[in-house]
Amino acid sequence: MSIGHALLGLLEGGPRHGYDLKRAYDERFGHDRPLHYGQVYSTLSRLLKNGLVSEAGVEAGDGPERKRYAITDAGVTDVERWLGTPEKPEPYLQNTLYAKVVLALLSGRSATEVLDTQRSAHLTTMRDLTKRKVDGDLADQLICDFALFHLEADLRWLELTAARLDRLAQEVRK
Amino acid sequence: MSLLRAEDLHKSFGKTHALEGAGLTVRAGEIVAVMGPSGSGKSTLLHCIAGILAPDSGVVRYGDRELTSMTDRERSELRRTDFGFVFQFGQLVPELTCLENVALPMRLSGVKRKDAENAAKDWLAKLEVDGVADQRPGETSGGQGQRVAIARALVTGPKVIFADEPTGALDSLNGERVMHLLTTAARETGAAVVLVTHEARVAAYSDREVVVRDGKARDVEFAR
């Protein structure tokens, strides 16, 4: 996830200071991975250097002065370009699980055991996500569903591989 | 302490061996997903432990009673009083309204029409389908029909609900809703659920899974 673009997108709603931006980001996208303050300020200074945000005054308070940032026209164009560019689909060709299955077969160990252990771990994670989804709001549901569909795809692969183990064993032992 | 326990079940259909030594245990109130590829024997396992099919050999115990040594009549009585069923489709009586369908198991147990229909109304409301009470199953959507079927499975207060691919004919959104309602209702009433599914996202609503492969069930709880 491009943090810079996410912050720019949040700034389209109006100028904000760094702390405010971090809170908005964490609330919407942070979930398990909230931003560090350092990340926020280093990202903002990069965006400033590249002319995608500008300083929009300083908010005085009891604590340290807080700079407010506003998105520039160049920033808006950059967000638009980012939203319109598809994310690269992952090819997933360097699959550790495939390597484990092949190595288990080559060494005479149980590949079924490898697959079953993985299936169980996947389902445990899927159960946790399902609980979180059931107890959560629509944002939680969508975020968890994204992960659940990907984990389900892995499980379908595990199932298919389990059904093809005999053939795979013959091929790798040739 | 197990509520339901099957040991070393064998079942063949002609030359096809559907179960070859399958075992499974279900504790009171737990939701167990039975998973496995098509043809692995998972539905046959469900039918055997629910007393719908008699295995060729092996034992199924429900509490301290042995299902496999009961007469057809005793098994049928047990299914009506203690078990509830939800299948993929074709389970509601098309000539009856949804309300009458849900009230049917209670009517068969001798409950008065009014009492049975009041209980049925409550369950239809809990499953958010009270709006279709007076419609016939053919006039409802797939998701609504499945919720009516769940209401019917729960109306008698069963100890175990057997669900065979309950979301198999539904789209993702309706499937999720049906699973959420089914598992929430089961947890509220303390009913155990044996859920046959090949979909991992559906199985993720369970407490644990049992994998059936080539007629054998891999149940990690079974050894305990």
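Parameters at a glance
What you see as residue numbers is a count from 1 along each chain, following the sequence as written. Both sets of labels track the order of writing: A upward for chains, 1 upward for ligands. Only residues with pLDDT of 70 or above have their local features reported here, since the model is predicted, and side-chain atom pairs are shown and tallied only from 80 upward, although totals for entire chains, interfaces and linings are computed over all residues. The side-chain quantities take in all heavy atoms of the structure and omit both hydrogens and water. Strands are runs of DSSP state E lasting at least 2 residues, helices are runs of H or I lasting at least 4, and numbering of each runs from the N terminus. It is over C-alpha atoms that the radius of gyration is taken, and the globule rule equals 2.2 Å times the number of residues to the power 0.38. In this description, contact between two residues means that some pair of their heavy atoms is separated by no more than 4.5 Å. In short, Shrake-Rupley with a 1.4 Å probe defines the accessible areas, and a residue's cover is counted only from the protein chains shown. The sign given to each residue is positive for Lys and Arg and negative for Asp and Glu; His and the chain ends receive no count. In plain terms, the charge of a residue is placed at NZ if it is Lys, CZ if Arg, CG if Asp and CD if Glu. What counts as a salt bridge is simple: a side-chain nitrogen of Lys or Arg found within 4 Å of a carboxyl oxygen of Asp or Glu. For each residue, the accessible area found with a 1.4 Å probe, counting protein chains only, is set against the maximum for its type, and the residue is called buried under 20%, exposed over 50%, and partly exposed in between. In this analysis an axis means a line fitted to C-alpha atoms, helices contributing only their contacting stretch, and an angle means the value between N-to-C directions, from 0 to 180 degrees. Here is the rule for angles: anything less than 35 degrees is roughly parallel, anything more than 145 is roughly antiparallel, 65 through 115 is roughly perpendicular, and the remaining ranges are oblique. Any residue that is not Ala, Val, Leu, Ile, Met, Phe, Trp, Tyr, Cys, Pro, Asp, Glu, Lys or Arg is counted as polar, Gly included; the first ten are nonpolar and the last four charged. As used in this record, nonpolar core signifies buried Ala, Val, Leu, Ile, Met, Phe, Trp, Tyr and Cys residues forming a set joined through side-chain atoms within 4.5 Å. Values labelled buried area give the accessible surface lost by two parts on being combined, using a 1.4 Å probe and summing over both. Note: two strands are recorded as paired if DSSP finds a minimum of 2 bridges between them. Those domain boundaries reflect an automatic or database domain assignment. To estimate how far a helix should extend, the number of its residues minus one is multiplied by 1.5 Å.

Enquirer: Can you walk me through the overall build of chain B in this structure?
Expert: Along the backbone of chain B there are seven helices and ten strands. The C-alpha atoms of chain B give a radius of gyration of 17 Å, which matches the 17 Å a tight globule of 224 residues would have. In terms of overall dimensions, chain B has a C-alpha envelope of 45 × 40 × 35 Å along the principal axes. Expressed as a percentage of contacts within chain B between residues at least 6 apart in sequence, the contacts between residues at least 24 apart total 72%. Taken as a whole, chain B presents about 10,000 Å² of accessible surface, with 49% of it coming from carbon and sulfur. Averaged over its 29 positive side-chain charges, chain B has a centre that lies 2 Å from the centre of its 31 negative ones.

Enquirer: Help me out: how do you make sense of the pattern of salt bridges in this one?
Expert: A side chain of one charge can pair with a side chain of the opposite charge if their charged atoms are brought near each other. Scanning the entire structure with this criterion turns up 23 salt bridges over all chains. The partner of Arg119 of chain A in a salt bridge is Glu159 of chain A, and the shortest N-O contact between them spans 2.5 Å. Of this pair, Arg119 of chain A sits in helix α6 (residues 111-135) while Glu159 of chain A is found in helix α7 (residues 138-163), placing the two residues 40 residues apart along the sequence. Each member of the pair, Arg119 of chain A as well as Glu159 of chain A, carries the same accessibility label: buried. Residue Arg75 of chain B is joined to Asp72 of chain B by a salt bridge in which the shortest nitrogen-to-oxygen separation is 2.8 Å. In this pair, Arg75 of chain B and Asp72 of chain B both sit in helix α2 (residues 72-82), three residues apart, roughly one turn of the helix. Classification of Asp72 of chain B by relative accessible area gives exposed; the value is 58%. Among the ionic contacts, a cluster of salt bridges with common partners joins Lys133, Asp145 and Glu152 of chain A together with Glu176, Glu199 and Arg201 of chain B.

Enquirer: How should I be thinking about the packing of helix α1 (residues 3-11) of chain A against helix α2 (residues 18-30) of chain A in this particular structure?
Expert: Between two packed helices, what matters for the description is the angle formed by their axes and the separation of those axes. Residues and elements named next belong to chain A. The contact between α1 and α2 brings their axes to 10 Å, and the two run at 105 degrees. Judged by the angle between their axes, α1 and α2 are roughly perpendicular. Contacts between α1 and α2 involve Ile3, Ala6, Leu7, Leu10 and Leu11 on the former and, on the latter, Leu21, Ala24, Tyr25 and Arg28. A breakdown of the residues in the contact of α1 with α2 according to their chemical character gives eight nonpolar, no polar and one charged.

Enquirer: Any chance you could explain the nonpolar core here in plain terms?
Expert: The nonpolar side chains of soluble globular proteins are, as a tendency, buried together. Counting residues in hydrophobic clusters, the biggest one holds 61 residues, and the most contacted among them are Met126 of chain A together with Leu124, Val148 and Ile161 of chain B. Every residue in contact with Ile161 of chain B, bar those within four places of it in the chain, is listed here: Gly84, Val86, Leu154, Leu182, Ala186, Ala191, Ala192, Val193 and Val194 of chain B. Among the nonpolar cores identified, the runner-up in size contains 30 residues, and Met70, Val160, Val194 and Val212 of chain B belong to it.

Enquirer: What's the story with the environment of Asp166 of chain A in this structure? I'm lost.
Expert: In this structure, Asp166 of chain A sits in helix α8 (residues 165-172). In this structure the C-alpha to C-alpha distance between Asp166 of chain A and Thr72 of chain A, which are 94 residues apart in sequence, comes to 61 Å.

Enquirer: Help me understand the interface of chain B and chain A, please; the structure alone is not making it clear to me.
Expert: You'll often see interface size given as the accessible area lost when the parts meet. Contacts between chain B and chain A engage 18 residues on the former and 18 residues on the latter. The contact between chain B and chain A buries some 1,500 Å² in all, and 53% of this surface belongs to carbon and sulfur atoms. Three residues stand out in chain B for area buried against chain A, namely Arg201, Ala204 and Arg213 of chain B, and they jointly supply 37% of the buried area on that side. Here chain B and chain A share four salt bridges between them.

Enquirer: How should I be thinking about the sheet that holds strand β9 (residues 208-213) of chain B in this particular structure?
Expert: Strand pairing within a sheet occurs via backbone hydrogen bonds; the two strands may be parallel or antiparallel. All names here are of chain B. Read across the sheet, six strands follow the order β6-β7-β8-β3-β9-β10 without closing on themselves; strand pairing throughout is mixed. Single-partner strands in this sheet number two, and they are β6 (83-86) and β10 (216-218). Sheet twist, expressed as the mean angle between neighbouring strand axes with direction ignored, is 20 degrees. Direction of pairing for strand β7 (residues 160-164) relative to strand β8 (residues 192-196): parallel, over a ladder of five bridges. Counted as the bridge partner of Ile161 is Val193 from β8. Those strands touched by helix α6 (residues 172-189) are β3 (31-35), β7 and β8, and its axis lies near 165 degrees from that of β7.

Enquirer: Would you mind going over the packing of helix α5 (residues 96-106) of chain A against α6 of chain A with me for this structure?
Expert: Residues and elements named next belong to chain A. Between α5 and α6, the shortest axis-to-axis distance is 8 Å and the interhelical angle comes to 150 degrees. One way to sum up the angle between α5 and α6 is to call them roughly antiparallel. Contacts between α5 and α6 pair Leu97, Lys100, Val101, Ala104 and Leu105 from the former with Ala111, Val114, Leu115 and Gln118 from the latter. Classifying every residue of the contact of α5 with α6 by side-chain character gives seven nonpolar, one polar and one charged.

Enquirer: Help me understand the domain arrangement of chain A, please; the structure alone is not making it clear to me.
Expert: Each assigned domain of chain A is listed with its residue range as follows: domain 1 (3-84) and domain 2 (96-173). Averaged C-alpha coordinates put domain 1 of chain A and domain 2 of chain A at centres separated by 38 Å.

Enquirer: What is the right way to look at α7 of chain A in this model?
Expert: Within an α-helix, residues lying three or four positions from one another point in the same direction, as the helix has 3.6 residues per turn. The end-to-end C-alpha separation of α7 of chain A is 37 Å, in line with the 38 Å expected for 26 residues at 1.5 Å each. Check the buried side of α7 of chain A and you find it contacts α5, α6 and α8 of chain A together with α6, α7 (200-203) and β9 of chain B.

Enquirer: Looking at this structure, how should I read the sheet that holds strand β3 (residues 66-71) of chain A?
Expert: All names here are of chain A. One open sheet holds the three strands; their spatial order is β1-β3-β2, and the pairing between them is antiparallel. At either margin of the open sheet sits one strand with a lone partner, and together these are β1 (16-17) and β2 (53-59). Examined bridge by bridge, β2 and β3 share five bridges and lie antiparallel to one another. Of the residues in β3, the one forming a bridge with Val58 is Lys67.

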